[in-house]
Amino acid sequence: MKNLVLALFTITTLVTTGCVCKKNKMETTEQNQESVTVTGKITLVTNGKDGYTAVLQTANNKVYNATISRINLQKSGSEYKRYEEGETITVSGFIWVETEGVTYITVTELQ
């Protein structure tokens, strides 16, 4: 009986601690993200499940992969709009760089 109580206590402690650690790690990641505004010409559009990714080339030849999704725009109160190759757009959102050096923007606002 003592072994059963000890095992249940151990499992409960591990589950509770595991959930708390994940939450704190996620909050730290969100705090470290840098918000930017980028204007660029769309050179490629790739359709996705709930939006699309637009490859933007800025005037100083920097390239960004802007993930434009209905869900992210809804969360921030912005309106979703479909753009095509050749159009120039301004986006705001959180920037992150992939290990291979590709720069992404999770778009939270279309201007």
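Residues numbered from 1 in each chain as written. Predicted model: local features only at pLDDT ≥ 70, side-chain atom pairs only at ≥ 80, totals over all residues. Heavy atoms only, no water.

A separate point is the overall build of the protein chain. Along the backbone of the protein chain there are two helices and five strands. N-terminal to C-terminal, the α/β element order of the protein chain is α-β-β-β-α-β-β. Across the 111 residues that make up the protein chain, the buried fraction comes to 27%. Residue pairs in contact within the protein chain that sit at least 24 positions apart in sequence constitute 50% of those at least 6 positions apart. Accessible surface, the protein chain as shown: approximately 8100 Å² in total, 56% of it carbon and sulfur. (Helix = DSSP H or I, 4+ residues; strand = E, 2+ residues; numbered from the N terminus. Buried < 20%, exposed > 50% of the residue type's maximum accessible area, 1.4 Å probe, protein only. Contact = heavy atoms within 4.5 Å. Areas by Shrake-Rupley, 256 points an atom, 1.4 Å probe, with all protein chains shown as cover.)

Inspection of the secondary structure puts Thr58 in the loop between strand 2 (51–57) and strand 3 (63–69). Reaching out from Thr58, the side chain makes a polar contact with the side chain of Asn60 at a distance of 2.4 Å. (Polar contact = N/O pair within 3.5 Å; in protein donor to acceptor, adjacent residues only side chain to side chain.)

Applying the stated rule across the entire model yields two aromatic pairs. Where Tyr52 meets Tyr80, the ring centres are 6.0 Å apart and the plane angle is 75°; that geometry is what we call edge-to-face. Taken together, the residues Tyr52 in strand 2 and Tyr80 in the loop between helix 2 (70–76) and strand 4 (88–97) connect sequence positions 28 residues apart. On the accessibility criterion, Tyr52 (2% relative accessible area) is buried. Residue classification places Tyr80 among the partly exposed residues on the basis of a relative accessible area of 22%. A ring pair is formed by Trp96 and Tyr104, whose centres lie 4.5 Å apart and whose planes are at 15°; its orientation type is stacked. Residue classification places Trp96 among the partly exposed residues on the basis of a relative accessible area of 40%. Here the guanidinium or amino end of Arg70 rests over the ring plane of Tyr80, the centre of that ring lying 4.2 Å away. Over the face of the ring belonging to Tyr52 we find Arg82, whose NZ or CZ atom lies 4.6 Å from the ring centre. (Phe/Tyr/Trp six-rings, centres within 6.5 Å; stacked < 30°, edge-to-face > 60°. Lys NZ or Arg CZ within 6 Å of the ring centre and 35° of its normal.)

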